[in-house]
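In case you want the letters, here they are:
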Amino acid sequence: MLWRLVVAILGVCLIPSCLSDVQLSSNVILEPYDLLFDTAVEAYYKGDWMTVILNMERALRNKAAIRRVKAHCRITCANQSAFGEPLSSMVVPVPGAGSVEDLGFFQKIMKRADCVNTCESEKIGPPTIHKVTEDVDLEFKKRTPYNYLQVAYFKINKLDKAVAAANTFFLANPDHMEMKQNLDYYRMMAGVQQEDFKDLEARPHMAEFLAGKRYYSSDSFGLAIDHFEAAVEEYFSADQECRALCEGAYVYDGYNYMEYSADLFQSMTDHYMQILNCKQRCSVELASTAGKDKPFEDFLPSHFNYLQFSYYSSEKYEQAIEWAKTYLLFHPEEEVMNQNLAYYSAMLGEDKAAAISARLVVKQHIQQSLLEKELLYFAYEVFGITFVDPDSWTPADVMPLKLREKQKTERETAARITEEIGNLMKEIETLVEEKNKESTDIAKIVREGGPLLFDDIKITMTSKQLNGSQRVLLDGFISEGECRELTRLSNAAALKGDGYQGRPSPHSPYESFQGVTVLKAIKLGQEETVPLKSARLFFDMSEKVRGVMESYFRLDSPLYFSYSHLVCRSAIDEKQDDRDDLSHLVHADNCLLVSELNECIKEPPAYTNRDYSAILYLNDDFEGGDFIFTELDSKTVTAEVRPQCGRVVGFGAGNENPHGVRAVTKGQRCAVALWFTLDPKHEEKVTYLSVNSSGIVYIMSFFLSFYVVMGYFVI
């Protein structure tokens, strides 16, 4: 890692914008994209948004550049050193000359290897610095960088880029409920355009294909033709790149590297069959798109089907014939297409139609693919190297009959075993979950019930009464007068507070929203915009809640403030008719709730550092707005709390406590939302508020959490 870092720092060009496709000079060393990713993530947790953007964008561009360079070098070197050429010294066959021909073959192998290594080293530096772990590779496959980017761009008010990043991430993660909420919120924001919802990872061949389908569906056949023709061209470019990238290192899947002892020709066979398997899978990769569970069926032939009909609809029979014949290369017996071809030929004239051939590049593609399949089936039959054909158009006689029968039996057996194992695993998981839940609930219930520290605070409901764990409802925290003072503080700070200024809530378009943090309240007090004693009360009450939570739940380590927010939500009177939403959707505070799967995933950008939450209510003179606990399905309500002055609901911030807020349908609902962490590194800290003879003096040491991302400040 140290060597990689030194090389990266000494690189002449660290910003991929200086790269033009694959034409890189020999003095360029690309900075490893995993290091850039790590730097961006570290900056994210510091709230350094510009550094997040700079390094995450670089990481994405460098990764793409490395892919392009590797494909370019392998394709270029293959064109320069084809294996099929005979040795110039071998004019006629000579008895016993096989070994000499072998030398010629391996000479070409070594020249190809030298060509590829030299090309890649000159363009992107030593190959070792670009090796990444499986974890990092998975993060990029999941499009995680765009999750960080959407937050960073939102924080610097670059909404078009935030929307594009959010949409790009969501397309690959359609079950990510928090990102779905973010996108819904973006759609309500002024200045956001529909064209901002881009897929930044869209591949050209798929983008052209989908555009062609849209125009085809609207009977705009001329435009459909343009896009489908472009899609075919882009498809074969992408296929060439995909196949070139298959020519990587051998993956010892199922083998211990040290125990692998195949001889020269067996090891060559193993590696080459692995490469051919990968190349055959390119048809699946190119037929896949983000947000679609399965690849498009019969993807490449479907281009030709759309084209033949689009040209026919445009009365261009020559092109319709060409694409109909091209489609029939894949499905020669298809009755409808043969009828179409006969009709087009009659319209154009049989002689002219006979002279038109299928597209040459497609013929060559099919020929190459069938030869690869024959080799793979031979290796399957002779060496037992498994191959599952990904294409539906492959002629049945390509696979040997015995192998066909064997594979059919194996598939049936595998399907049955998979089903049985799946059922067994579900039973085991259910038993384990029930046992763990029972043990955890017992442990948590035993630990609850510590002293409340103040005589006027009373326990109203425990975890058992609230039908869960790590839950408590307390009353008597503050007086009616203090509730009114904090409510006035929220209203007074609304125009100067956190920037919402009574705008529609980020959680519901039927409510307005205003809020102020402890830090902002103190600064406003210093500026004499709000009373200083109100800001002090905000701080003191927050500290009081923190102390009681720490004591009641009998925590072994202290709680620290993660974030505190005084918030009022108001019903917008003219928008309450037929309302059926929540004031805030059900969620958990330190994980991403996926209610469809009954799961809560603890990963950024959820606030994974949050351990406990509490809400101090300030009033009850409004309609709706009850707080609810639910199961992980977000629908089954387990407990409901009616807000009132001085009431606190406290709970663990994890997956045991999904919660939300019912719609506020009339009036204004105010409360102090508090999140706590057991990790002092994530503390939001207001160190001192002291009073002397001259008045109130501020000695502040704020370590403010950067977690002020839309969609998460919840009460």
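Going by what an unreviewed UniProt entry lists, the protein chain is known as procollagen-proline 3-dioxygenase and is assigned to Salmo trutta. Recorded in UniProt for the protein chain, the comment headed Sequence similarities (unreviewed entry) runs: "Belongs to the leprecan family."

Visitor: With reference to specific residues and values, describe the packing of aromatic side chains.
Guide: Evaluated as defined, the whole model comprises 37 aromatic pairs. Its guanidinium or amino end placed over the ring of Phe-454, Lys-544 lies 4.7 Å from that ring's centre, counting from NZ or CZ. When the ring centre of Phe-622 is taken as origin, the NZ or CZ atom of Arg-642, which lies over that ring, is 4.5 Å away.

Visitor: Tell me about the pattern of salt bridges, residues and numbers included.
Guide: For the coordinates displayed, the defined rule picks out 26 salt bridges. Its salt-bridge partner being Lys-142, residue Glu-603 comes within 4.0 Å of it at the nearest N-O pair. Note that Glu-603 is positioned in the loop between strand S7 (599–601) and strand S8 (610–617) and Lys-142 in the loop between helix H5 (134–141) and helix H6 (144–155), a separation of 461 residues in sequence. In this structure Glu-603 comes out as partly exposed when scored by relative accessible area, which is 24%. Lys-142 gets classed as partly exposed once you look at its relative accessible area, which sits at 27%. One salt bridge connects Asp-581 with Arg-579, and the closest N-O pair in it is separated by 2.5 Å. Salt bridges linked by common partners bring Arg-67, Arg-203, Glu-241 and Glu-285 together as one network.

Visitor: Provide a residue-level description of the state of the cysteines, including the pertinent values.
Guide: Put plainly, two cysteines are in a disulfide when a covalent bond ties their sulfur atoms together. Inspection of the entire model under this criterion finds 7 disulfides. Each disulfide pairs two cysteine sulfurs, and for Cys-568 the partner residue is Cys-670, the sulfurs being separated by 2.0 Å. Between Cys-568 and Cys-670, the S-S torsion sits near 115°, and that sign places the bridge as right-handed. Of this pair, Cys-568 sits in strand S4 (residues 560–571) while Cys-670 sits in strand S15 (residues 668–677); the two residues are 102 residues apart in sequence, bridging distant segments of the chain.

Visitor: Account for the nonpolar core, naming residues and giving values.
Guide: The nonpolar side chains of a soluble globular protein tend to be buried with one another. By size, the foremost hydrophobic cluster in this structure holds 46 residues, and its most contacted members are Phe-209, Phe-299, Phe-304, Phe-330 and Tyr-377. Elements supplying a minimum of two residues to this core: helix H9 (204–217), helix H10 (221–245), helix H11 (264–286), helix H12 (299–313), helix H13 (317–330), helix H14 (335–348) and helix H16 (360–383). Not counting residues within four places of it along the chain, the set of residues in contact with Phe-304 comprises Val-232, Trp-323, Thr-326, Tyr-327, Phe-330 and Val-362. Among the nonpolar cores identified, the runner-up in size contains 43 residues, and Phe-140, Leu-149, Phe-169 and Val-192 belong to it.

Visitor: How would you summarise the environment of Ile-615 if you had to cite specific residues and measurements?
Guide: With respect to the helices and strands, Ile-615 occurs in strand S8. Since its relative accessible area comes to 3%, Ile-615 is described here as buried.

Visitor: Describe in detail the sheet that holds strand S5 (residues 582–587), supporting the description with residues and values.
Guide: The strand order S5-S13-S10-S11 describes an open sheet built from 4 strands, whose pairing is antiparallel. The open sheet has two edge strands with one neighbour each: S5 and strand S11 (637–641). Here the average twist between neighbouring strands, direction ignored, is 25°. Where strand S10 (residues 627–630) lies against strand S13 (residues 659–662), 3 bridges are found, and the strand directions are antiparallel.

Visitor: I'd like a rundown of H13, residues and numbers included.
Guide: The end-to-end C-alpha distance of H13 is 21 Å, a good match for the 20 Å that 14 residues give at a rise of 1.5 Å each. Those residues of H13 hidden inside the fold are in contact with H10, H12, H14, helix H15 (350–354) and H16.

Visitor: Please give an account of the pairing of strand S12 (residues 648–652) that cites residues and values.
Guide: Here S12 lies mainly inside the structure; 5 of its 5 residues are buried. Note that strand S2 (residues 471–475) and S12 share 4 bridges and pair antiparallel. For Leu-474, the partnering residue across the bridge sits in S12 and is Val-648. Summarising the sheet, S8 and S12 pair through 5 bridges and their orientation is antiparallel. Paired with Leu-616 across the bridge in S12 is Val-648.

Visitor: Break down the packing of H10 against H12 for me, citing the residues and quoting the values.
Guide: Axis separation between H10 and H12 bottoms out at 9 Å; the angle between their running directions is 150°. Here H10 is positioned roughly antiparallel relative to H12, judged by the angle of their axes. As for how H10 packs across H12, the hand of that crossing is left-handed. Contacts between H10 and H12 pair Phe-221, Ala-224, Ile-225, Phe-228, Glu-229, Ala-231, Val-232, Tyr-235 and Phe-236 from the former with Phe-299, Leu-300, His-303, Phe-304, Tyr-306, Leu-307, Phe-309, Ser-310, Tyr-311 and Ser-313 from the latter. Looking at the contact of H10 with H12 residue by residue, the classes come out as 15 nonpolar, 3 polar and 1 charged.

Visitor: Go over the confidence of the model for the protein chain with me, naming the residues and quoting the values.
Guide: Of all residues in the protein chain, 84% have pLDDT values of 70 or greater, and the mean over the chain is 84. A low-confidence stretch, residues 1–23 stays under pLDDT 50, and its non-local contacts, those more than four residues away or across chains, total 43 contacts. Predicted confidence is poor over residues 686–715, with pLDDT under 50, and the contacts of this stretch with residues over four places away or in other chains come to 94 contacts.

About the criteria used
- Residue numbering note: each chain is counted from 1, following its sequence as written.
- The predicted origin of the model limits local features to residues at a pLDDT of at least 70 and limits the giving and counting of side-chain atom pairs to 80 or more, whereas totals for whole chains, interfaces and linings rest on all residues.
- The basis for the side-chain values is all heavy atoms of the structure; hydrogens and waters are excluded.
- UniProt positions are given in the numbering used here, feature names are shortened, and annotations may be inferred rather than shown by experiment.
- For this analysis, a ring pair means two rings from Phe, Tyr or Trp (six-membered ring only for Trp) whose centres lie within 6.5 Å, classed as stacked if their planes differ by under 30 degrees, edge-to-face if by over 60, and tilted for the remaining angles.
- Consider the ring centre and the ring normal. A charge sits over the ring if Lys NZ or Arg CZ is within 6 Å of that centre and within 35 degrees of that normal.
- Think of a salt bridge as a Lys or Arg side-chain nitrogen and an Asp or Glu carboxyl oxygen that are within 4 Å of each other.
- Here a helix means four or more residues in a row that DSSP labels H or I, a strand means two or more in a row labelled E, and each is numbered from the N terminus.
- Here the term buried applies to any residue with accessible area under 20% of the maximum for its type, exposed to any over 50%, and partly exposed to those in between, with areas from a 1.4 Å probe on protein chains only.
- To count as a disulfide, a pair of cysteine sulfur atoms needs to be within 2.5 Å.
- Here, nonpolar core means buried Ala, Val, Leu, Ile, Met, Phe, Trp, Tyr and Cys residues that are tied together by side-chain atoms lying within 4.5 Å of each other.
- By the convention used here, residues are in contact when the closest approach between their heavy atoms is within 4.5 Å.
- Strand pairing is assigned whenever DSSP detects at least two bridges linking the two strands.
- Here, axes are lines fitted to C-alpha atoms. For helices the fit covers the stretch in contact, and angles between N-to-C directions go from 0 to 180 degrees.
- Here the expected length of a helix is defined as 1.5 Å per residue gap, with one fewer gap than residues.
- Note on angle classes: values under 35 degrees are labelled roughly parallel, values over 145 roughly antiparallel, values of 65 to 115 roughly perpendicular, and the remainder oblique.
- Left-handed describes a crossing in which the near helix is turned anticlockwise from the far one by less than a right angle; the clockwise case is right-handed.
- Classification convention: Asp, Glu, Lys, Arg as charged; Ala, Val, Leu, Ile, Met, Phe, Trp, Tyr, Cys, Pro as nonpolar; all other residues, Gly among them, as polar.
- Per-residue confidence from the prediction method is given by pLDDT, with values spanning 0 to 100.

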